[in-house]
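Now for the letters of each chain:
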Amino acid sequence: DDSAKRALEEHLKRMGLRGNVDATEEPGYYKVTYILQETPKVSIIIPNRDHADELERCINSIITKTSYGKFEIIIVENGSCENETFALYEKFKKINNIQIIEWEHPFNYSAVNNFAEGYAQGEVLLFLNNDTEVINFDWLERMLDHAVRKDVGAVGAKLYYPDHTIQHAGLVTGICGIVGYCHKFFPGESSGYMRRMKIVQNFSAVTAACLMLREEIFQEVGGFDDRFSLNFNDVDLCLKIREKGYVIVWTPYAELYHFESRTRACDDNLRPTFRQEKRFFQQKWKKIFEKSDPY
């Protein structure tokens, strides 16, 4: 529909934004590809402990499948003991935009990433798991489309299990009494409920397995809360960002594989740390659970 396309183009112009509006394969839905007016440096932060094969696959996919050129990779070594891992580090040290730092304390996801942020030189941070693999070459641009917008606090990506079913397409509060994944296990090419797996939209939270935000936002909210050592740290970060008045954006146009086990969440429910952090999360964000998720 040309009139709908024109309306969106005129809206961009009124907002002082530059971008191309294209129809999608979903009738009545459109894709805006923004023309980046700034090219900030992106610091990709990856905590790691052994699993050299997964880390190598992750790093190689970033290097060979990223069209955006202005990025650095920070690998945070934490307690590795396998020779293959340190041999891989030596290989990576020869690459200019990769640095390896060491966290010499017991693993705490929040503390590790807060520590690594102190070494980041980019205006934009990207927290990324070591068991991911980039799919589309313009993944960073499509996340930056939104991360550089002043009203946006954080951006999440579309993550697939190795069998191309959905691992992450946004997080919804209230699922299972706390928080859960939208469209989990749906076929990767599905449109989802009301086409939601195919369109850019707001969510209450996105996963830090691949999460982008401006460094100034990270500083404004005080980074990750290290009282969440293993669970809910990303959701807590997003809720803190929303509390400051920013929105959380999820885009289906940044796609990666996430090799997390499909059964891991079931195992986590049995662990004392999970139960403890779940109780703390529910207490901290009690007001969130008293309302329905707005998204």
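Since the model is a prediction, treat every value here as computed from it, not as a measurement. (Residues numbered from 1 in each chain as written. Predicted model: local features only at pLDDT ≥ 70, side-chain atom pairs only at ≥ 80, totals over all residues. Heavy atoms only, no water.)

> So what exactly am I meant to see when it comes to the pattern of salt bridges here?
Between side chains of opposite charge, a pair can form as their charged atoms come close. Using the criterion set out here, one finds 13 salt bridges in the structure. Of the charged contacts in the structure, one is a salt bridge between Glu26 and Arg195, with a shortest N-O distance of 2.6 Å. One end of the pair, Glu26, is in the loop between β1 (19-23) and β2 (30-34); the other, Arg195, is in the loop between β11 (179-181) and β12 (201-203), with 169 residues separating them in the sequence. Residue Glu26 is classed as buried on the basis of its relative accessible area of 7%. Taking the relative accessible area as the measure of exposure, Arg195 reaches 32% and is therefore partly exposed. Between Glu216 and Arg214 there is a salt bridge whose closest N-O contact spans 2.9 Å. (Salt bridge = Lys/Arg side-chain N within 4 Å of Asp/Glu carboxyl O. Helix = DSSP H or I, 4+ residues; strand = E, 2+ residues; numbered from the N terminus. Buried < 20%, exposed > 50% of the residue type's maximum accessible area, 1.4 Å probe, protein only.)

> Got a minute to help me understand the packing of aromatic side chains in this structure?
Here a ring pair, both rings aromatic, is described through the centre-centre distance and the interplanar angle of the planes. In the structure shown here, the tally under the stated rule is 16 aromatic pairs. One aromatic cluster is present, formed by Phe228, Phe232, Phe274, Phe280, Phe281 and Phe289 through successive ring pairs. The ring of Tyr253 carries Lys31 above its face, with NZ or CZ at 4.3 Å from the centroid. The ring of Phe259 has Arg57 sitting right over it, with the charged end atom 3.6 Å from the ring centre. (Phe/Tyr/Trp six-rings, centres within 6.5 Å; stacked < 30°, edge-to-face > 60°. Lys NZ or Arg CZ within 6 Å of the ring centre and 35° of its normal.)

> Can you walk me through the side chain of His146 in this structure?
Within the secondary structure, His146 sits in helix α5 (residues 139-147). Using a relative accessible area of 3% as the deciding quantity, one classes His146 as buried. Setting aside anything within four residues of it in sequence, one finds His146 in contact with Tyr34, Val152, Val155, Val200, Val249 and Thr251. (Contact = heavy atoms within 4.5 Å.)

> I'm lost on empty space enclosed by the protein in this one. Help?
Unfilled space is identified by rolling a water-sized probe across the atoms. Using the criterion set out here, one finds one cavity of 30 Å³ or more in the structure. In this model, the largest cavity occupies a volume close to 40 Å³. Taken together, Lys31, Val32, Arg142, Asp145, His146, Val200, Thr251 and Tyr253 make up the lining of the largest cavity. Of all elements in the fold, only β2, α5 and β14 (247-258) reach the threshold of two or more residues within the lining of the largest cavity. The greatest single-element share of the lining of the largest cavity, amounting to three residues, is contributed by α5. Grouping the amino acids of the lining of the largest cavity by side-chain chemistry returns three nonpolar, two polar and three charged. (1 Å grid on protein atoms, 1.4 Å probe; cavity = no way out; pocket = protein on both sides within 12 Å on 5 of 7 lines; lining within 4 Å. Points joined across faces, edges and corners; volume = space filled by probe spheres on them. Nonpolar A, V, L, I, M, F, W, Y, C, P; charged D, E, K, R; others polar.)

> What exactly am I supposed to notice about the nonpolar core here?
Nonpolar side chains in soluble globular proteins tend to end up buried together. Counting residues in each nonpolar core, the largest one holds 45 residues, and the members touching the most others are Phe127, Leu211, Leu213, Ile241 and Phe281. Looking at this core element by element, the count peaks at five residues for helix α7 (residues 233-243). Setting aside its immediate chain neighbours within four residues, Leu213 contacts Val124, Leu125, Phe127, Gly153, Ala154, Phe218 and Ile241. Counting 37 residues, the second largest nonpolar core, distinct from the first, contains Val124, Met143, Ala157 and Ala254. (Core = buried A, V, L, I, M, F, W, Y, C linked by side-chain atoms within 4.5 Å.)

> For this particular structure, what's the right way to read unusual backbone geometry?
One can expect most non-glycine residues to show negative phi and most peptide bonds to be in trans. One non-glycine residue, Asp50, lies in the positive phi region at around 55°. Within the fold, Asp50 resides in the loop between β3 (42-48) and α2 (52-64). One non-glycine residue, Arg195, adopts positive backbone phi at about 65°.

> In this structure, what is going on with the packing of α2 against helix α3 (residues 83-92)? I would like to understand it.
Two measures define how a pair of helices packs: the angle their axes make with one another and the distance between the axes. Where α2 meets α3, the axes come as close as 9 Å, and the angle between the chain directions of the two elements is 20°. With respect to α3, the element α2 is oriented roughly parallel. Contacts between α2 and α3 involve Ala52, Leu55, Glu56 and Ile59 from the former and Glu84, Thr85, Leu88, Tyr89, Lys91 and Phe92 from the latter. Broken down by class, the residue content of the contact of α2 with α3 amounts to six nonpolar, one polar and three charged. (Axes fitted to C-alpha atoms, helices over the stretch in contact; angles between N-to-C directions. Parallel < 35°, antiparallel > 145°, perpendicular 65-115°, else oblique.)

> Would you explain the pairing of β1 in this entry?
The two faces of the sheet receive side chains in turn, since in a regular strand these alternate between them. Relative to β2, β1 runs antiparallel, the two being bridged by five bridges. When the bridges of β2 are listed, Asn20 appears paired with Thr33. Where β1 folds back onto β2 in an antiparallel hairpin, the turn is made up of six residues, including Gly28, whose phi is positive at roughly 90°. (Pairing = 2+ DSSP bridges.)

> Would you explain the state of the cysteines in this entry?
In a disulfide, the sulfur atoms of two cysteines are covalently bonded to one another. In this structure the tally under the stated criterion is zero disulfides. The closest cysteine sulfur to the non-disulfide-bonded Cys58 is located on Cys210, 9.4 Å from its own sulfur. Given a relative accessible area of 1%, Cys58 falls into the buried group. Cysteine Cys238 shares no disulfide, and the gap to the nearest cysteine sulfur, in Cys210, comes to 12 Å. Look at Cys238 and you get buried, because its relative accessible area is 0%. (Disulfide = S-S within 2.5 Å.)

> What is the right way to read helix α4 (residues 109-117) from this model?
One full turn of an α-helix is made of 3.6 residues, so residues set three or four places apart face in the same direction. For α4, the tally of buried residues reaches seven of nine residues, placing the bulk of the element in the interior. Along α4, the positions that sit buried rather than exposed are Tyr109, Ser110, Ala111, Val112, Asn113, Ala116 and Glu117. Looking at the buried side of α4, the elements it contacts are β3, β4 (71-77), β5 (98-102), β6 (124-128), α6 (215-220) and α7. Where α4 starts, the residue carrying a side-chain oxygen 3.1 Å from the main-chain nitrogen of Ser110 turns out to be Asn108. (Polar contact = N/O pair within 3.5 Å; in protein donor to acceptor, adjacent residues only side chain to side chain.)

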